[in-house]
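# Structural features, examined
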Amino acid sequence: MAAFFVTDARREGKPFLFVVAIIAALGGFLFGYDTGVISGALLYISGDLHASTFEQEAIVGALLIGAAVGAVIAGYLADAISRRWTKVLSGTVYTLAALGCAFSQNPDQLIAARFALGLSVGTASFVSPMYLAELSPKRIRGGLVSFNQLMIVTGILAAYIVNFGLKGIGADNWRWMLGLGAVPGVMLAVGMTFMPYSPRWLVERGREDDARKVLRRTHQEQDVDDEVESIKKVAAETGSIRDLLGGSVRPMLIVGLGLAIFQQIVGINTIIYYAPTILSFTGSSASSAIGQTVVIGVTNLVFTVVAILLLDRLGRRAFLITGTAGLTIALVVLGAFFASGTLQANASGLALIALVVYIASFAMGLGPVFWLMISEIFPLEIRGSAMAVCTIANWTFNFIISFTFLTLTSTIGKAATFWLYAVIGVIAIVFFYRRVPETSGRSLEDIQRDVTESSGRNRRSHGRLRSA
Ligand code: BGC
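Counting starts from 1 at the beginning of each chain's written sequence and moves along it residue by residue. Under the rules for a predicted model, residues below a pLDDT of 70 receive no local features and side-chain atom pairs below 80 are neither given nor counted, while totals for whole chains, interfaces and linings still include all residues. Where side-chain values are given, they derive from all heavy atoms of the structure, hydrogens and water being excluded.

Quick look at helix α7 (residues 107–135) now. Residues separated by three or four positions in an α-helix point in the same direction, a consequence of the helix having 3.6 residues per turn. The secondary structure listing takes helices from DSSP runs of H or I that are at least 4 residues long and strands from runs of E that are at least 2 residues long, numbered from the N terminus. Helix span, expected: 1.5 Å multiplied by one less than the number of residues in the helix. For α7, spanning 29 residues, the distance from its first C-alpha to its last is 41 Å, which sits close to the expected 42 Å at 1.5 Å a residue. When a residue's accessible area, from a 1.4 Å probe over protein chains only, is under 20% of the maximum for its type it is buried; when over 50% it is exposed; and in between it is partly exposed. Buried residues dominate α7, accounting for 22 of its 29 residues. For the purposes of these results, a polar contact is taken to be a pair of N or O atoms within 3.5 Å, where, inside protein, one atom must be able to donate a hydrogen and its partner to accept one; residues adjacent in sequence count only when each atom of the pair is a side-chain atom. The opening residue of α7 is asparagine 106, an N-cap whose side-chain oxygen sits 3.2 Å from the backbone nitrogen of aspartate 108.

If you want it as structure tokens, here you go:
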């Protein structure tokens, strides 16, 4: 099945790159599996381990906090020990932590294991797109990096299906739900030991000949001198962590952070984590709510595939802006549904339709485009730290939104909660329209040059960033 999805790499006659993409994107699968598995598992954990409400929240939240910390560590590790070995480490920690979850005897042990799992998920969430972007030829970079997002949503769907399949097997079922994550963890750790180093990381270490060998294999071309020269030129311009706050990078950091934060504060994970709860608000029974949740998982997957196939052809901005507009409309409808007794009585299917439109729009826009763009817009010398900062912001806001959702719905009401997210959606569209540049079909080095020039113009004119 995966063969179908990385069609571009195959069509371009790059079978090696295709294999690398599948193994590397297992990091995304781990990320998604955990996102999707916990809501179902929690139903059984609470009874089996006698977890209080606070402990249940801590079991969910420990992963998100661990992921933010993991992204901090990963920024350093990706530069120090390479993207490749960071991913081996991430797969190893994930495997051990998944087993730790499965064998936990009390809530404290489970919270500790979930934190360790978070360290690995946070690391993988940022090293995977970075590694893929650095290995891809520019023509198919969008599809290949977004393959990571496809694996995230595949992981979410796999978790929904596992939860569904294991719900009847007895009290220990949650141990299997969480422990099964060890399988892709081992695949990532072992698989990555056979994968190449990122050519950009090699050039930074002065290992140009090794970088050439990798590029010849991934790009399937003998003449890779231009590519190496271009990487070298950018690598020669030394950067420090202080440059992250410097004038030339600041505009891109604002774009990256804007994408990171908006991706979460339009409420995506309230839908992912609480879809069954939202659907049960509409009067669905628990079992039909779980079935409808699978519909949402499938929609997420299908529209992510559509985005992957089109992102390099139609550009990132178009998807970002129209996708965010689509999800904003869906939020308005969802709010209206909860505000109107008539709609609830006469159009009970409307909430599910709105959720499906929401998830499809997210899957075609903010979902893949955030992870893709943060791997494209930053100069090489600060790419690791800049992507880490954006990833940390993304996990932190994931935590904040997930933990305020139920409180919000019970204080300001369901309708006002969704309308609040809709207002944020409108602000996001304006931000994307004004600030986010087009990156498709351009080399990472060209984008960097453009960003530097734009920021120079910005400083002079206080104008907005050029939207090429
Ligand atoms: C987001 C996750 C989200 C997932 C849903 C990802 O891009 O970062 O927070 O759960 O998409 O598909």
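The subject of this paragraph is the layout of surface pockets. For cavity detection a 1 Å grid was placed over the protein atoms alone, and a set of points counts as a cavity when a 1.4 Å probe fits there but cannot get out; an open set counts as a pocket when protein lies on both sides within 12 Å along at least five of seven lines, with lining residues being those that have an atom within 4 Å of a point. Grid points are joined across faces, edges and corners, and a volume is the space filled by probe spheres set on the points. As a volume, the largest pocket reaches approximately 740 Å³. Lining the largest pocket are 30 residues, with Ser39, Leu43, Tyr273, Tyr274 and Thr277 positioned closest to its centre. If you tally residues by element for the lining of the largest pocket, the top one is helix α4 (residues 26–48), at seven residues. Under the grouping applied here, Gly and all other residues not named as nonpolar or charged are polar, the nonpolar ones being Ala, Val, Leu, Ile, Met, Phe, Trp, Tyr, Cys and Pro and the charged ones Asp, Glu, Lys and Arg. Of the residues belonging to the lining of the largest pocket, the class tally is 17 nonpolar, 11 polar and two charged.

For the rest of this paragraph, the subject is the pattern of salt bridges. Every case where a carboxyl oxygen of Asp or Glu lies within 4 Å of a side-chain nitrogen of Lys or Arg is listed as a salt bridge. All told, the structure shown has 11 salt bridges when counted by the stated rule. The closest approach of N and O atoms between arginine 83 and glutamate 134, which form a salt bridge, is 2.9 Å. Taken as a pair, arginine 83 in helix α6 (residues 83–102) and glutamate 134 in helix α7 lie far apart in primary sequence, 51 residues in all. Like glutamate 134, arginine 83 is buried. Taken together, the shared-partner salt bridges in this structure form one network comprising Glu208, Asp209, Arg212 and Asp225.

Attention now moves to the side chain of arginine 114. With respect to the helices and strands, arginine 114 occurs in helix α7. Relative accessible area serves as the criterion here: at 1%, arginine 114 is assigned to the buried category. The residues touching arginine 114, leaving out its near neighbours within four places in the chain, are Asp34, Ile38, Ile59, Val60, Ala62, Leu63 and Cys101. For this analysis, residues touch if any pair of their heavy atoms sits within 4.5 Å.

The next point concerns the nonpolar core. General note: in soluble globular proteins, nonpolar side chains tend to be found buried as a group. To qualify as a nonpolar core, a set must consist of buried Ala, Val, Leu, Ile, Met, Phe, Trp, Tyr and Cys residues joined through side-chain atoms within 4.5 Å. Of all hydrophobic cores here, the largest spans 141 residues; its most connected members are Ile45, Leu178, Leu259, Phe378 and Phe432. Considering every element that reaches this core, the biggest residue donor is helix α8 (residues 141–166), with 12 residues. Setting aside chain neighbours within four positions, we find isoleucine 45 in contact with Ile38, His50, Ala51, Ile59, Leu110, Trp174 and Leu178.

By secondary structure assignment, the location of leucine 42 is in helix α4. Separated by 132 residues in the primary sequence, leucine 42 and tryptophan 174 place their C-alpha atoms 7.6 Å from one another. Those residues within four positions of leucine 42 in sequence are excluded, and the remaining contacts are Gln56, Ile59 and Val60.

For each residue, the test is whether any non-hydrogen atom lies within 4 Å of the molecule or strand; if one does, the residue is near. Inspection of the region around the ligand gives 15 residues, with Gln149, Gln263, Gln264, Asn269 and Trp371 positioned closest. Contacts to the ligand include glutamine 264, whose side-chain N or O atom sits 2.9 Å from an oxygen atom. Within the side chain of tryptophan 371, one N or O atom sits 3.0 Å away from an oxygen atom of the ligand. Each accessible area is a Shrake-Rupley result for a 1.4 Å probe, and residues are judged covered by the shown protein chains and nothing else. Within the complex, 99% of the 320 Å² of free accessible area of the ligand lies under protein.

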